[in-house]
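The primary structure of each chain is shown beneath.
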Amino acid sequence: MARDFSRQERVADHLRKELAVLIQHELRDPRLGMVSVTAVQVSRDIAHARVFFTCLDHDSEEQAKPATEVLNKAAGFLRNCLAKSTAMRTVPRLRFQFDNSVGRGRNMEALISRATAADQHLDEDEQ
């Protein structure tokens, strides 16, 4: 049976796709770098949206602070662009937040790689 998607999820998915394109093509700030929109959480009344993003050249939240500031300052401009390009009655207010899950995933992958390498080294020593 197919899963029914709520309006909230559909709006979040639509905003994620549109914001990714708008940030890439409309914002011309050198502090942004390569920004990727990873997720959008929309409030139940669709009045507010929290937009999670990552930067390819920044791993920590501290390094991505300038990009966060630029995106939050451009939130009104991006909201206006969304209002012009979509048929939504109301466009939610945008708040950008750095998504550190990608960096944590890389750290976990490195830890797992080190642990498996250490296990292989121990297995070779026992033989």
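Attention here is on the structure that accompanies the text. Worth saying up front: this structure is predicted, and the values here are computed from it rather than measured.

## Focus: the side chain of threonine 86
Then step 1. Secondary-structure assignment places threonine 86 in the loop between α3 (75–85) and β3 (93–98).
Then step 2. Note on threonine 86: relative accessible area 13%, which makes it buried.
Then step 3. Within polar-contact distance, the side chain of threonine 86 engages the backbone oxygen of leucine 82 at 2.7 Å.
Then step 4. Each residue touching threonine 86, except ones within four places of it in the same chain, is listed here: His14, Glu18 and Val91.

## Brief notes about the sheet that holds β3
Then step 1. Here three strands make up an open sheet; going across it, the order is β1-β2-β3 and the pairing mixed. The sheet terminates laterally at β1 (35–42) and β3, the two strands that pair on one side only. Sheet twist, expressed as the average angle between the axes of neighbouring strands with direction ignored, equals 30°.
Then step 2. Pairing of β1 with strand β2 (residues 48–55) involves seven bridges; the strand directions are antiparallel. Bridged to valine 37 within β2 is phenylalanine 53.
Then step 3. Packed on one face of the sheet, helix α2 (residues 65–73) meets β1, β2 and β3 and runs near 175° to β3.

Reading guide: rules and limits
- Residues numbered from 1 in each chain as written.
- Predicted model: local features only at pLDDT ≥ 70, side-chain atom pairs only at ≥ 80, totals over all residues.
- Heavy atoms only, no water.
- Helix = DSSP H or I, 4+ residues; strand = E, 2+ residues; numbered from the N terminus.
- Buried < 20%, exposed > 50% of the residue type's maximum accessible area, 1.4 Å probe, protein only.
- Polar contact = N/O pair within 3.5 Å; in protein donor to acceptor, adjacent residues only side chain to side chain.
- Contact = heavy atoms within 4.5 Å.
- Pairing = 2+ DSSP bridges.
- Axes fitted to C-alpha atoms, helices over the stretch in contact; angles between N-to-C directions.

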